[in-house]
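Chains, contacts and geometry: an overview
Next come the chains, spelled out residue by residue.
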Amino acid sequence: MYILGIESSCDETAAAVVENGETVLSSVVASQMDTHGKYGGVVPELASREHLRAIVPVVREALERAAVSLSGLDAIAATSGPGLVGSLLVGLTYAKSLAFARGLPLIAVNHIEGHIHAVILESRRAGTPVELPALALVASGGHTHLFRVDENFGYALLGKTRDDAAGEAYDKVAKLLGFPYPGGPIIDCLAPHGNPLAVRFTFAKMKGNALDFSFSGLKTAVLRWVEARDLAAAIAARRALARAEPHASLEQWLAVTQPETLDLLASFQHAVINELLTRAAASAAQIHARAMIVSGGVSANAGLRAAARAAHLPYPVHFPSPGLATDNAAMIAAAAFPKLLRREFAGFDTAADASLKLA
Amino acid sequence: MPLFRASTEAETIALGERLAAKLPRGVVLLIGNLGAGKTTLAKGIAYGLGAALPDDVSSPTFTLIHEYGHGLVYHVDLYRLEESREVEGLGLDDIIDSGALVLIEWGERFPELFPPPRTEIHLRALPDDTREIELRRLG
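Notes on the structure follow. Keep in mind that this is a model prediction, so the values were computed, not measured. (Residues numbered from 1 in each chain as written. Chains lettered and ligands numbered in written order. Predicted model: local features only at pLDDT ≥ 70, side-chain atom pairs only at ≥ 80, totals over all residues. Heavy atoms only, no water.)

1. Some details on the overall build of chain A
The criterion, for reference: Secondary structure elements follow DSSP: runs of H or I no shorter than four residues count as helices, runs of E no shorter than two count as strands, and numbering proceeds from the N terminus. Radius of gyration: over C-alpha atoms. The globule rule applied is 2.2 Å multiplied by the number of residues raised to the 0.38 power. Working definition: with a 1.4 Å probe on protein chains only, accessible area under 20% of the residue-type maximum means buried, over 50% means exposed, and in between means partly exposed.
Counting secondary structure elements, chain A contains 13 helices and ten strands. A compact globule built from 359 residues should have a C-alpha radius of gyration of about 21 Å, and chain A, at 21 Å, falls within 12% of that. Its C-alpha atoms put chain A at 65 × 50 × 35 Å along the principal axes. Every one of the 359 residues in chain A was classed for burial, and the buried ones make up 58%.

2. Details of the nonpolar core
Our working rule: As used here, the term nonpolar core means buried Ala, Val, Leu, Ile, Met, Phe, Trp, Tyr and Cys residues forming a set that is joined through side-chain atoms within 4.5 Å.
L135, F268 and L276 of chain A together with L78 and F114 of chain B are the most contacted members of the largest nonpolar core, which has 74 residues in total. At eleven residues, helix 10 (residues 259–286) of chain A tops the list of elements feeding residues into this core. Counting 27 residues, the second-largest nonpolar core is a separate cluster that includes V68, A78, L106 and A346 of chain A.

3. Brief notes about a negative patch on the surface
All names here are of chain B. The cut-off we apply is this: Two joining distances apply to patches: 9 Å for like charges and 5 Å for nonpolar side chains (Val, Leu, Ile, Met, Phe, Trp, Tyr), and every residue must have over 30% relative accessible area and no salt bridge. Residue-level accessible areas treat just the shown protein chains as cover; the underlying method is Shrake-Rupley with a 1.4 Å probe. Salt bridges are defined as contacts in which a side-chain nitrogen from Lys or Arg sits within 4 Å of a carboxyl oxygen from Asp or Glu. The convention is simple: Lys and Arg are positive, Asp and Glu are negative, and His and the chain ends are not counted. Note on charges: their place is set at NZ of Lys, CZ of Arg, CG of Asp or CD of Glu.
On the surface, a cluster of negative charge is contributed by E88, D93, D94, D97 and E112. Sorting elements by how many residues they give to the negative patch places helix 4 (residues 92–97) first, with three residues. Here E88 shows up in helix 3 (residues 84–88). Exposure remark for E88: the relative accessible area of 53% places this residue in the exposed category.

4. With respect to the interface of chain A and chain B
Worth spelling out the cut-off: We call two residues in contact when some of their heavy atoms are within 4.5 Å. The quantity reported as buried area is the accessible area (1.4 Å probe) lost by two parts once they are put together, taken as the sum for both. Within 3.5 Å is the distance limit for a polar contact, defined as a pair of N or O atoms, with the added protein rule that one can donate a hydrogen and the other accept it, and that residues adjacent in sequence qualify only through two side-chain atoms. We call Asp, Glu, Lys and Arg charged. Ala, Val, Leu, Ile, Met, Phe, Trp, Tyr, Cys and Pro are nonpolar, and the rest, Gly among them, are polar.
Each partner contributes to the interface: chain A provides 29 residues, whereas chain B provides 26 residues. Here chain A meets chain B over a buried area of about 2,300 Å², counting both sides, of which 53% is carbon and sulfur. Of the charged contacts in the structure, one is a salt bridge between R162 of chain A and D55 of chain B, with a shortest N-O distance of 3.7 Å. Summed over the shared surface of chain A and chain B, the result is seven residue pairs in polar contact (both at pLDDT 80 or more). In terms of residues, the side of chain A that touches chain B owes the most to one element, helix 7 (residues 216–227) of chain A, which gives five residues. Here the residues of the side of chain A that touches chain B are counted per class, giving ten nonpolar, six polar and 13 charged.

5. A short note on the side chain of R80 of chain B
Turning to its location among the elements, R80 of chain B is positioned in the loop between strand 4 (73–77) and helix 3. In this structure, R80 of chain B is buried with no salt-bridge partner, the nearest side chain bearing the opposite charge being D171 of chain A at 4.7 Å. Among the polar contacts made by the side chain of R80 of chain B, one reaches the main-chain carbonyl oxygen of T61 of chain B at a distance of 2.7 Å.

6. Details of the sheet that holds strand 3 (residues 65–68) of chain B
All names here are of chain B. Definition in use: By the convention used here, strands pair only if DSSP detects at least 2 bridges between them. Working convention: axes come from line fits to C-alpha atoms, limited for helices to the stretch in contact. Angles between N-to-C directions cover 0 to 180 degrees.
Pairing is mixed in the open sheet, where seven strands are placed in the order 1-7-6-2-5-4-3. The sheet is open, and its two edges are formed by strand 1 (3–6) and strand 3, each paired on a single side. In this sheet, adjacent strand axes meet at a mean angle of 20 degrees when their direction is disregarded. Bridging between strand 2 (residues 26–31) and strand 5 (residues 101–105) involves five bridges; their strand directions are parallel. Bridge pairing links V27 to V102 in strand 5.

Here is the structure:
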């Protein structure tokens, strides 16, 4: 059975065709990074305009690469939330129109459920399926959540960030120090060149749910660290490099980043990874998880992957391949497959929901 | 102009809770540097109005607009936007006209978009980590 998936919840317009929830026949992402990079983030008005421009060619490309025609599809799936309403509407409305015109069922997918299914799809494909119940850590620029994933793909929220998302912390720390957007990849590349124990970050003990995250104190600590030093010239040099060379190499970044700052980046990355893994492992223990899923843009972080391996957790930890870590549509089609089997279809009155909850 | 001090995160939330009832509906700009406590104060304000629990109010930096209590409170963050044109694309006018309390971080960068009457809450982190919080009404 073939599902066409469409994703437009934030800064990527994407379409994919997935067979039986596990074989990715095509996955096309119209990366908007070059449009957004200079703004330091996702710009909604620009984003919805970019989605409108990209949606038709991206879907056509996905069908062509998969060698599947619209008449060969069994369902069309689209992200209905959470995200920016203007962006969500482009993909969801296009999916509705296609489904209506072709008499195909429409399936609405939660973006976060998609991230979880990106990993479930790949691990099944690799012959090492995720055993359930599993603990899922979904970490990106907008989300940092811990979910229990049950046998029938029911979900329970175990923890979440009370302030900044993990990816947001990376973006803000990068910006404070003059590095470009997105902050995660550049900090991940530079962190191995510093001492992760050089700067001690203390996390305030939190009341309430012990599985919740908080990254805003870490951001403030980095701000204080920057304010206590005279880094203006170094920051200006990095901003100049980012402007002059949008694809600057690691050597070029190292040349404008002093050892003290490399130590800070290494320590920051160490602190974030430690927070993520400690709470994810505690959640997994609490629900007697048989596997851990790490997904969302932050799951592409090499330091996080290495730390998860080194932790020798008593269950497998599954990460997506880099292409499926960040926003894509294959994960939407994959998440739609169990819904297709259950005939859990969405009506044409389905609305985009900016704050759609998974659990 | 009322000036308050909060020496812990919990005190900032408690202050937000107390201020909530006094804030007129419409635009409230939360003004202060990164880490000054804008989102923390927003937690208290949303809680004070019965719109959300403090732990459920998180940073809207990436997502831009969070809504609490079925349209009672909106929490907006314009940190990543550069031009008024982009802010105008968010449809904030509809939200402001709806009679909701609209908390806006980094809105002072676009003063022409938020003409008085408006409320401003200025937050400043002092060297001892105490927060100085000042309420101002314009227009």
